[in-house]
Amino acid sequence: MATPELDAFRAAVSRSLAVGDLAGAELEVVDVDGRTPVVVALDEERLPVLLRRIEAVGGYANVFVRMGAGIGRIAVMDVDGALDVRSADDMRAVAEQPSPDSTVGAFVAYLMHRPGGAVLPARLATATRSAMPARQVEIVTTV
């Protein structure tokens, strides 16, 4: 569910991509039609919320996360389209997955120390639902 804070951040990212600091930024994730899907999140939001947003735009996206006073940026793509899955932390097994209570900010902070990124399911497993197919999540830059 969108909040005024999330809407304001979405507008700020859109503005920055169009005419601001991010106007020249290369967005790593491009879909088969040549579009660059963008998803935004706040660091305090739960990770499953972000994963649902990514799934809603096709399962892969350029993600911008408001991290305190800065912006974290990650790329989320299908494992099949990832450059080097072997160097990523494999988090597909239920025991290896982040908790459904994990925040987006905590996950981005984790990725900052994992240059190879991580492979995790599109949806985290819970006691009543198994995980969805894998996605690779890579840290791109911190703006």
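Scroll up to find the structure.
Below or above, wherever it landed, is the structure these notes cover. All values reported here derive from a predicted model rather than from experimental measurement.

## Here's the deal with the overall build of the chain
Consideration 1: Helix and strand content of the chain: 3 helices and 6 strands.
Consideration 2: Ordered by position in the sequence, the α and β elements of the chain form the string α-β-α-β-β-β-α-β-β.
Consideration 3: Counting all 143 residues of the chain, 43% fall into the buried class.
Consideration 4: In the chain, 64% of the contacts between residues at least 6 apart in sequence involve partners at least 24 apart.

## A closer look at the pattern of salt bridges
Consideration 1: Throughout the structure, instances matching the rule amount to 9 salt bridges.
Consideration 2: The partner of E44 in a salt bridge is R66, and the shortest N-O contact between them spans 3.0 Å. Of this pair, E44 sits in the loop between β1 (38-42) and α2 (47-56) while R66 sits in strand β2 (residues 61-67), and the two are 22 residues apart along the sequence.
Consideration 3: Using a relative accessible area of 39% as the deciding quantity, one classes E44 as partly exposed.
Consideration 4: Between E45 and R53 there is a salt bridge; the shortest N-O distance is 2.5 Å.
Consideration 5: Shared partners join several salt bridges into a network, and the residues in it are E5, D43, E44 and R66.

## Focus: α2
Consideration 1: All of the buried residues along α2 are L47, P48, L50, L51, R53 and I54.
Consideration 2: Those residues of α2 that are buried are in contact with α1 (4-19), β1, β2, β3 (70-78), α3 (104-112) and β5 (118-121).
Consideration 3: Phi for G58, located one or two positions after α2, is positive at around 115°.

Cut-off values and rules
Residues numbered from 1 in each chain as written. Predicted model: local features only at pLDDT ≥ 70, side-chain atom pairs only at ≥ 80, totals over all residues. Heavy atoms only, no water. Helix = DSSP H or I, 4+ residues; strand = E, 2+ residues; numbered from the N terminus. Buried < 20%, exposed > 50% of the residue type's maximum accessible area, 1.4 Å probe, protein only. Contact = heavy atoms within 4.5 Å. Salt bridge = Lys/Arg side-chain N within 4 Å of Asp/Glu carboxyl O.

Keep in mind these values describe shape, not function.
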